[in-house]
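# Survey of secondary and tertiary structure
Read off the chains here:
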Amino acid sequence: MRVLVQRVSSAAVAVDGRVVGAIRPEGQGLLAFVGVTHTDDADKARRLAEKLWNLRILADERSAADIDAPILVVIQFTLYADTAKGRRPSWNAAAPGAIAEPLVAAFAEELRGLGARVETGVFGANMQVELVNEGPVTVFLEL
């Protein structure tokens, strides 16, 4: 499981022109793009959620837990793209939907259980993501 997290002042995800998830914090929030591979499980989702919730990448070295920052979670299988050969990425390392969808849902639920205000995208949809990256700060998390 991989999470590409960006510190944002706002972020939204739309499907077919309709916003399905958005965060517009008074200060900062986090946009988490989540990728899943074949060997991932609920324990890894839990540990990554805890890591993200407590990651000190917000202003003044604070975490989302410190300031109750909202988090927008968007599944992104392309985080497992293999570009080592040729000009076309291979997606073989990305887990199929039957594995990925419940694990991303578990990741979001773990965050909620920790106290996070979480918005999400829509699994399998063609999503349009808008964000204002603060800093810019972008961090790659993986266990």
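Residue numbers here run from 1 along each chain, matching the order of that chain's written sequence. Where local features are concerned, this predicted model is filtered to residues with pLDDT of at least 70; where side-chain atom pairs are given and counted, the filter is 80 or more; whole-chain, interface and lining totals use all residues. Heavy atoms from the whole structure form the basis of all side-chain values; hydrogens and water molecules are not counted.

- Under an unreviewed UniProt entry, the chain has the name D-aminoacyl-tRNA deacylase and belongs to Mycobacterium ahvazicum.
- UniProt positions are given in the numbering used here, feature names are shortened, and annotations may be inferred rather than shown by experiment. Comment text from UniProt for the chain, heading Sequence similarities (unreviewed entry), reads "Belongs to the DTD family."
- A UniProt comment under Subunit (unreviewed entry) is attached to the chain, and it reads "Homodimer."

### A short note on helix α3 (residues 97–114)
- Its 18 residues give α3 an end-to-end C-alpha distance of 25 Å, which sits within 8% of 26 Å, the value for a rise of 1.5 Å per residue.
- Relative accessibility under 20% of the residue-type maximum defines a buried residue, over 50% an exposed one, and the middle range a partly exposed one, all with a 1.4 Å probe and only protein chains included. We count a stretch as a helix when DSSP gives it H or I for four or more residues in a row; a strand needs E for two or more, and each element gets its number in order from the N terminus. Among the residues making up α3, those that are buried are A100, L103, V104, F107, A108 and L111. Projection of α3 onto a plane perpendicular to its axis shows the buried side chains occupying an angular sector of 140 degrees, all on one side. Exposed positions of α3 whose direction lies more than 90 degrees from the buried face are A98 and G113.
- At the C-terminal side of α3, G115 shows a positive phi close to 115 degrees. Each residue after the first adds 1.5 Å to the expected span of a helix. What the arc measures is the spread of directions leading from the helix axis to the C-beta atoms.

### A look at helix α1 (residues 42–54)
- Helix length check: α1 (13 residues) gives 19 Å between terminal C-alpha atoms against 18 Å at 1.5 Å per residue, within 8%.
- Within the span of α1, buried status applies to K44, A45, L48, A49, L52 and W53. Buried residues of α1, viewed axially, fall in a sector of 165 degrees; they line one side.
- Whether two residues touch is decided by their heavy atoms; if any such pair falls within 4.5 Å, the residues are in contact. Looking at the buried side of α1, the elements it contacts are β1 (2–15), β3 (29–35), α2 (64–67), β4 (71–75), α3 and β6 (127–142).

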